[in-house]
Amino acid sequence: GRGEAYIGLLVDDLVTRGIDEPYRMLSSRAEHRVVLRHDNADLRLSDLGYEIGLLPREVHAAFVARRAVLAGAIARADVVRSPAGTVAERLRRPEVTAADVATDLDVDAEILDRVAIEIKLAGYVKRQEVAIARAARDESTDVPDDFRFGEVSALSLEAREKFTRFKPRSLGAAARISGIAPADVAILSVALHRARASAGAVPAAASA
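Residues numbered from 1 in each chain as written. Predicted model: local features only at pLDDT ≥ 70, side-chain atom pairs only at ≥ 80, totals over all residues. Heavy atoms only, no water.

A. Seen up close, the overall build of the protein chain. Within the protein chain, the secondary structure is distributed over 9 helices and 2 strands. The order of α-helices and β-strands along the protein chain, N terminus first, is α-α-α-β-β-α-α-α-α-α-α. Sequence separation of 24 or more characterises 55% of the internal contacts of the protein chain that already satisfy a separation of 6 or more. (Helix = DSSP H or I, 4+ residues; strand = E, 2+ residues; numbered from the N terminus. Contact = heavy atoms within 4.5 Å.)

B. Local environment of the side chain of H32. When you line up the elements, H32 lands in the loop between α1 (6-17) and α2 (41-51). The buried category is assigned to H32, whose relative accessible area is 7%. With residues near it in sequence (within four places) discarded, H32 still touches R2, G3, Q128 and I132. (Buried < 20%, exposed > 50% of the residue type's maximum accessible area, 1.4 Å probe, protein only.)

C. Just the pattern of salt bridges, in detail. Scanning the model with the defined rule gives 10 salt bridges in all. Among the salt bridges present, the one from D108 reaches R66, with a minimum N-O distance of 2.8 Å. Of this pair, D108 sits in the loop between α4 (87-91) and α5 (109-139) while R66 sits in helix α3 (residues 57-77), and the two are 42 residues apart along the sequence. Here R66 falls in the partly exposed class, since its relative accessible area comes to 31%. Each of R37, D39 and E118 takes part in one network of salt bridges that share partners. (Salt bridge = Lys/Arg side-chain N within 4 Å of Asp/Glu carboxyl O.)

D. Seen up close, the packing of α2 against α3. Relative to each other, α2 and α3 sit at 145°, their axes nearing to 10 Å. Remark: the crossing between α2 and α3 carries left-handed chirality. The segment α2 lies against α3, with D42, L43, S46, D47 and Y50 engaging R57, H60, F63, R67 and L70. Among the residues forming the contact of α2 with α3, the class breakdown is 4 nonpolar, 2 polar and 4 charged. (Axes fitted to C-alpha atoms, helices over the stretch in contact; angles between N-to-C directions. Left-handed = near helix turned anticlockwise from the far one by under 90°. Nonpolar A, V, L, I, M, F, W, Y, C, P; charged D, E, K, R; others polar.)

E. Main features of α5. The axis of α5 is deflected most strongly, by about 60°, at A122. In this fold, the buried residues of α5 make contact with α2, α3 and α4. Between the side-chain oxygen at the start of α5 and the backbone nitrogen of E110 there is a gap of 3.2 Å, and the oxygen is on D108. (Bend = angle between axes of the 7 residues up to and from the residue. Polar contact = N/O pair within 3.5 Å; in protein donor to acceptor, adjacent residues only side chain to side chain.)

F. Main features of the packing of aromatic side chains. Inspection of every chain in the model, using the stated rule, returns 2 aromatic pairs. Centroid distance F147 to F149: 5.2 Å. Interplanar angle 65°. Geometry classified as edge-to-face. Of the two residues, F147 and F149, both sit in the buried class. On the numbers, 5.4 Å between centres and 45° between planes, the contact of F149 with F163 is tilted. One end of the pair, F149, is in the loop between α5 and α6 (157-166); the other, F163, is in helix α6, and 14 residues separate them in sequence. For the residue pair F149 and F163, the accessibility class agrees, reading buried in each case. By way of ring pairs, the aromatic residues F147, F149 and F163 are connected into one cluster. (Phe/Tyr/Trp six-rings, centres within 6.5 Å; stacked < 30°, edge-to-face > 60°.)

G. Highlighting the packing of α3 against α5. Contact pair α3 / α5: the axes reach a minimum separation of 10 Å and the direction vectors enclose 55°. Between α3 and α5, the interaxial angle falls into the category oblique. The interaxial crossing formed by α3 with α5 has right-handed handedness. Counted together, R66, V69, L70, A73, I74 and A77 of α3 and E110, I111, R114, V115, E118 and I119 of α5 form the full contact between these two elements. Classifying every residue of the contact of α3 with α5 by side-chain character gives 8 nonpolar, no polar and 4 charged. (Parallel < 35°, antiparallel > 145°, perpendicular 65-115°, else oblique.)

H. Focus on the nonpolar core. Among the nonpolar cores identified, the biggest contains 16 residues, and L91, L105 and V115 are the most heavily contacted of them. Of all elements in the fold, only α3, α4 and α5 reach the threshold of two or more residues within this core. Residue contacts for V115: discarding those within four places in its chain leaves L70, A73, I74, L91 and L105. Listed in part, the 15 residues of the second largest apolar core include V143, F149, L155 and L171. (Core = buried A, V, L, I, M, F, W, Y, C linked by side-chain atoms within 4.5 Å.)

Written as structure tokens, this is what we have:
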């Protein structure tokens with residue numbers, strides 16, 4: 001998915017945005033770029049890689065062990081204290097680096113660097129995780145294959161044309177089509193809910 005890996009974002013863009021415009025290859029333009037970092041790819045994808053058979057058992061076991069060490073070090077950073085505050089509090093300051101707290105956490109340099117990154121970015125990551133959860137809700141709002149976008153008169157002409165052309169599979173996919181305004185997505189959401197309500201309505205005579 002778009003919030004799980006950059007390849008998911010790239011493929012989804014090709015499907016929902018087409019190839020008429022110059023294709024973006026810069027990960028810095030990804031809306032979830034703080035979550036989709038290269039340094040945390042193992043945390044995001046190693047379990048999945050192991051589940052589908054791409055990651056050997058011994059490699060995955062080594063990853064699990066390293067992940068436990070990292071989690072333990074992050075937990076200790078919240079409690080190990082000096083006159084200047086806990087390790088975590090100090091690392092949240094822009095001027096404090098991993099080297100400045102090296103003596104406070106008994107871990108190797110790689111883990112120490114990752115602890116610093118995770119703590120410094122924690123606030124940004126939490127905000128993006130909220131956005132990812134919101135996007136996931138939109139993804140769960142399916143658009144029927146036979147939905148007639150052209151009959152939703154409140155949609156802009158451009159939105160009707162693009163929705164008809166790309167046939168978005170979900171409300172989230174509709175929102176990612178280039179040139180689609182948030183207002184059109186909101187109108188489509190209302191139209192979808194009305195269509196579902198109409199489809200689920202039972203005539204009084206039939207229910208008697």
